[in-house]
Amino acid sequence: MPKIKTSRVVYPDGWELIEPTIRELDAKMREAENDPHDGKRKCEALWPIFRISHQRSRYIYDLYYRRKEISKELYDFCLDQGYADRNLIAKWKKPGYERLCCLRCIQTRDHNFATTCVCRVPKHLREEQVIECVHCGCRGCASGD
C-alpha cells in the first residue's frame, strides 16, 4: 500500500515571533489582489502588490541580516516557502542596490535604450520633481538618495 503524503509544514523555531507580521502582510496582499482597479491604468493596479511584496521581503531581510533576530533555518524556510523574494534580497546585499524596489527596475530589456528605470536615478540628478516608476510605482530607490 502506498504511503499517503500530507501537506503539513513543519515550522522552525522562532516562527511564532514573525508569524503575526507575515499573516498581516498576507492579508494586505489578499486585499490588494481583490481591490477593484477601476479608473487606474493597467500598471497602476499592480503597484500595491509590488509594495507589499517588497515590504515582506525587507522585513525578513532586516530580521536576519540587520537585527540578527531569526536563525538561518527560519530565514531559509521563509525563502523556500515564498515569504520573501530570494533574488531581490541577493541584490540588496550588493553595494549600490541596498534600496532597490523591484527587480524589473534594473532589467535593461524592459526599458528604452537598454538602461535602467528612472527611479534608479539619484534625486539631485533628476530634472523633474516627482516621478513614479511605471513598473512598481517607486518614487526613487537609488542608493545615493
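Residues numbered from 1 in each chain as written. Predicted model: local features only at pLDDT ≥ 70, side-chain atom pairs only at ≥ 80, totals over all residues. Heavy atoms only, no water.

- The name given to the protein chain in an unreviewed UniProt entry is G10 protein, with Eleusine coracana subsp. coracana as the source organism.
- According to the UniProt record, the Subcellular location (unreviewed entry) comment for the protein chain is "Nucleus". (UniProt positions renumbered as here; feature names shortened; annotations may be inferred.)

1. Let's talk about the overall build of the protein chain
Then comes step 1: Scanning the protein chain for helices and strands turns up four helices and zero strands.
Then comes step 2: Shown N-terminal to C-terminal, the secondary structure of the protein chain runs as helices and strands in the order α-α-α-α.
Then comes step 3: Dimensions of the protein chain, computed from C-alpha atoms along their principal axes, come out at roughly 65 × 40 × 30 Å.
Then comes step 4: Counting across all 145 residues of the protein chain, residues that qualify as buried make up 35%.
Then comes step 5: Pairs at least 24 apart in sequence give 51% of the contacts found in the protein chain among residues at least 6 apart.
Then comes step 6: By element, 50% of the accessible surface of the protein chain is carried by carbon and sulfur atoms, the whole surface being about 10000 Å².
Then comes step 7: Distance between charge centres in the protein chain, computed from 27 positive and 22 negative side chains, equals 4 Å. (Helix = DSSP H or I, 4+ residues; strand = E, 2+ residues; numbered from the N terminus. Buried < 20%, exposed > 50% of the residue type's maximum accessible area, 1.4 Å probe, protein only. Contact = heavy atoms within 4.5 Å. Areas by Shrake-Rupley, 256 points an atom, 1.4 Å probe, with all protein chains shown as cover. Lys, Arg positive; Asp, Glu negative; His and termini not counted. Charge placed at Lys NZ, Arg CZ, Asp CG, Glu CD.)

2. Quick look at the nonpolar core
Then comes step 1: Within the largest apolar cluster, 30 residues are counted, with the highest numbers of intra-cluster contacts made by Trp15, Ile18, Ile60, Ile70, Cys101, Cys105 and Cys119.
Then comes step 2: Breaking this core down by element, the ones donating at least two residues are helix H1 (15-34), helix H2 (47-66), helix H3 (72-80) and helix H4 (86-92).
Then comes step 3: Residues in contact with Cys119, not counting those within four places in the same chain, are Cys101, Cys105, Arg126, Ile131, Cys133, Cys138, Gly140, Cys141 and Ala142. (Core = buried A, V, L, I, M, F, W, Y, C linked by side-chain atoms within 4.5 Å.)

3. What to know about the layout of surface pockets
Then comes step 1: Considering only enclosed or pocket space, the largest pocket measures out at about 200 Å³ in volume.
Then comes step 2: Lining of the largest pocket is provided by Phe50, Arg51, His54, Arg58, Arg99, Cys101, Cys136, Gly137, Cys138, Arg139, Gly140 and Cys141.
Then comes step 3: Grouping the constituent residues of the lining of the largest pocket by class yields five nonpolar, three polar and four charged. (1 Å grid on protein atoms, 1.4 Å probe; cavity = no way out; pocket = protein on both sides within 12 Å on 5 of 7 lines; lining within 4 Å. Points joined across faces, edges and corners; volume = space filled by probe spheres on them. Nonpolar A, V, L, I, M, F, W, Y, C, P; charged D, E, K, R; others polar.)

4. Overview of the packing of H1 against H2
Then comes step 1: Where H1 contacts H2, the axes come no closer than 9 Å and their chain directions differ by 170 degrees. Between H1 and H2, the angle falls in the class roughly antiparallel. Residues Leu17, Ile18, Thr21, Ile22, Leu25, Asp26, Lys28, Met29, Ala32 and Glu33 of H1 pack against Pro48, Ile49, Ile52, Ser53, Gln55, Arg56, Tyr59, Ile60 and Leu63 of H2.
Then comes step 2: When its residues are assigned to classes, the contact of H1 with H2 shows 12 nonpolar, three polar and four charged. (Axes fitted to C-alpha atoms, helices over the stretch in contact; angles between N-to-C directions. Parallel < 35°, antiparallel > 145°, perpendicular 65-115°, else oblique.)

5. Some points on the packing of aromatic side chains
Then comes step 1: Taken as a whole and assessed by the stated rule, the structure comprises nine aromatic pairs.
Then comes step 2: Where Tyr11 meets Phe77, the ring centres are 5.5 Å apart and the plane angle is 75 degrees; that geometry is what we call edge-to-face. A residue pair is termed long-range when its members are at least 10 positions apart, and Tyr11 in the segment before H1 and Phe77 in helix H3 qualify at 66 residues.
Then comes step 3: Relative accessible area serves as the criterion here: at 38%, Tyr11 is assigned to the partly exposed category.
Then comes step 4: Among the aromatic residues, those joined into a cluster by ring pairs are Tyr61, Tyr64, Tyr65, Tyr75 and Trp92.
Then comes step 5: Stacked on the ring of Trp92, the Lys or Arg Arg58 has its end atom at 3.9 Å from the ring centre.
Then comes step 6: The residue whose ring lies beneath Lys91 is Tyr97, and the NZ or CZ to ring-centre distance is 5.1 Å. (Phe/Tyr/Trp six-rings, centres within 6.5 Å; stacked < 30°, edge-to-face > 60°. Lys NZ or Arg CZ within 6 Å of the ring centre and 35° of its normal.)

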